[in-house]
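Commentary on secondary and tertiary structure
What follows is the residue order along each chain.
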Amino acid sequence: MRDSGAEDLLVTAGMCREGTAHKIFGEKADYYQSMHAIRILSEAMWRLYWDAFETWVAEEDTKQWKEPIEAVLLKLLENTPDRTTQLLLIRESHTQLMNLQDHLEKFRLSLEACPTAVFWWNFIEMSDILHRFIYYQREGNWMGHLCESARMLPYLTATGHYKYGQQSLPLYLFEMKQLHESAPGMWHS
């Protein structure tokens, strides 16, 4: 990761200073340091990505959809202690959030001509999959674990881990999807 520009990215995004960024990607970093570095780098990438998206939105004709989305985001970011209220707000704002997702996808597609942007977008996707996978593992969320495992497949194959990406993990996912038939007692527990 050291030659990928990750250190410069962390410093540019204001996540840490140059010396700290150099130590994060050192040769003696352990699992927890590496996970922390990936989390910091992912957050830095998301910040820079969002800034670029806001610049792109400012250049587009966005008045018809920008204001409703901003109102929804401000409501979602308020500190409402009631989780049910937050979930209801998300449900009521589904149309605006889908509109935001569509525009984020258009923005992502507009960056496909730039190989560096594609590289960093892949990093964002992979780190998000990794973070969700670890979260589901720790929470004991079986379906989330299987879903994120399936999302890892193309990245494992693309990085040359063929035994995982084309043999072991697909077989594991197939067997786990058949678990309710092959071992119903295990499935319910």
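The shown structure was predicted, so the numbers you read here are calculated from the model rather than taken from an experiment.

The rules behind the values
- Residues numbered from 1 in each chain as written.
- Predicted model: local features only at pLDDT ≥ 70, side-chain atom pairs only at ≥ 80, totals over all residues.
- Heavy atoms only, no water.
- Helix = DSSP H or I, 4+ residues; strand = E, 2+ residues; numbered from the N terminus.
- Expected span 1.5 Å × (residues − 1).
- Buried < 20%, exposed > 50% of the residue type's maximum accessible area, 1.4 Å probe, protein only.
- Phe/Tyr/Trp six-rings, centres within 6.5 Å; stacked < 30°, edge-to-face > 60°.
- Patch = residues over 30% accessible without salt bridge, like charges linked within 9 Å, V, L, I, M, F, W, Y side chains within 5 Å.
- Areas by Shrake-Rupley, 256 points an atom, 1.4 Å probe, with all protein chains shown as cover.
- Salt bridge = Lys/Arg side-chain N within 4 Å of Asp/Glu carboxyl O.
- Lys, Arg positive; Asp, Glu negative; His and termini not counted.
- Charge placed at Lys NZ, Arg CZ, Asp CG, Glu CD.
- Bend = angle between axes of the 7 residues up to and from the residue.
- Axes fitted to C-alpha atoms, helices over the stretch in contact; angles between N-to-C directions.
- Parallel < 35°, antiparallel > 145°, perpendicular 65-115°, else oblique.
- Left-handed = near helix turned anticlockwise from the far one by under 90°.
- Contact = heavy atoms within 4.5 Å.
- Nonpolar A, V, L, I, M, F, W, Y, C, P; charged D, E, K, R; others polar.
- Polar contact = N/O pair within 3.5 Å; in protein donor to acceptor, adjacent residues only side chain to side chain.

Let us now look at helix H3 (residues 31-59). What sets the pattern is the α-helix's 3.6 residues per turn: residues three or four places apart point alike. Here H3 spans 42 Å end to end across 29 residues, near enough to the 42 Å set by a 1.5 Å rise per residue. All of the buried residues along H3 are Met-35, Ala-37, Ile-40, Leu-41, Ser-42, Ala-44, Met-45, Tyr-49, Phe-53, Trp-56 and Val-57.

On to the packing of aromatic side chains, then. As enumerated under the stated definition, the model contains 11 aromatic pairs in all. Consider the rings of Trp-46 and Tyr-49, whose centres lie 5.6 Å apart with planes at 85°: the pair is edge-to-face. With a gap of three residues between them, Trp-46 and Tyr-49 both fall in helix H3, about one helical turn apart. You can call Trp-46 partly exposed: its relative accessible area is 30%. Classification of Tyr-49 as buried rests on a relative accessible area of 10%. Each ring, one from Trp-120 and one from Phe-123, has its centre 5.6 Å from the other, and the planes form 80°; the classification is edge-to-face. Here the residue Trp-120 and the residue Phe-123 both occupy positions in helix H7 (residues 115-139), the gap between them amounting to three residues, near one helical turn. For the pair Trp-120 and Phe-123, a shared accessibility class is recorded, and that class is buried. Ring pairs connect the aromatic residues Trp-46, Tyr-49, Trp-50, Phe-53, Trp-56, Phe-107 and Trp-121, which therefore count as one cluster.

To continue, consider a negative patch on the surface. Negative charge collects at one region of the surface, where Asp-51, Glu-54, Glu-67 and Glu-70 lie side by side. Looking at the negative patch, the elements with two or more residues in it are H3 and helix H4 (63-77). Within the secondary structure, Glu-54 sits in helix H3. Accessibility expressed as a relative area gives 43% for Glu-54, which makes it partly exposed.

What follows is about helix H9 (residues 162-177). Between its terminal C-alpha atoms H9 stretches 21 Å, which fits the 22 Å expected from 16 residues at 1.5 Å a residue. For H9, the principal kink sits at Ser-168 and spans about 35°; a proline, Pro-170, occurs within the next four residues. Listed as buried for H9 are Gly-165, Leu-169, Leu-173 and Met-176.

A few words now on the packing of H3 against H7. When two helices pack together, their arrangement is captured by the angle between the axes and the distance separating the axes. At a closest axis distance of 10 Å, the pairing of H3 and H7 adopts a crossing angle of 130°. As judged from the angle between their axes, H3 and H7 are oblique. Regarding H3 and H7, the two cross each other, and that crossing is left-handed. Mapping the contact onto sequence places Tyr-31, Met-35, Ile-38, Arg-39, Leu-41, Ser-42, Met-45, Trp-46 and Tyr-49 in H3 and Trp-120, Trp-121, Phe-123, Ile-124, Ser-127, Asp-128, Leu-130, His-131, Ile-134 and Arg-138 in H7. For the contact of H3 with H7, the class distribution of residues is 13 nonpolar, three polar and three charged.

By the element assignment, Arg-108 lies in helix H6 (residues 94-110). When its relative accessible area of 19% is taken as the criterion, Arg-108 is described as buried. Among the polar contacts listed, one links the side chain of Arg-108 to the side chain of Glu-105, at a separation of 2.6 Å. Once residues within four sequence positions are removed from consideration, Arg-108 is found in contact with Tyr-49 and Trp-121.

As a further point, take the packing of helix H5 (residues 83-92) against H6. The geometry of H5 relative to H6 is characterised by a closest axis approach of 5 Å and an angle of 65° between their N-to-C directions. Looking at the two axes, H5 sits roughly perpendicular to H6. Seen from H5, the contacting residues are Ile-90, Arg-91 and Glu-92; seen from H6, they are His-94, Gln-96 and Leu-97. Of the residues belonging to the contact of H5 with H6, the class tally is two nonpolar, two polar and two charged.

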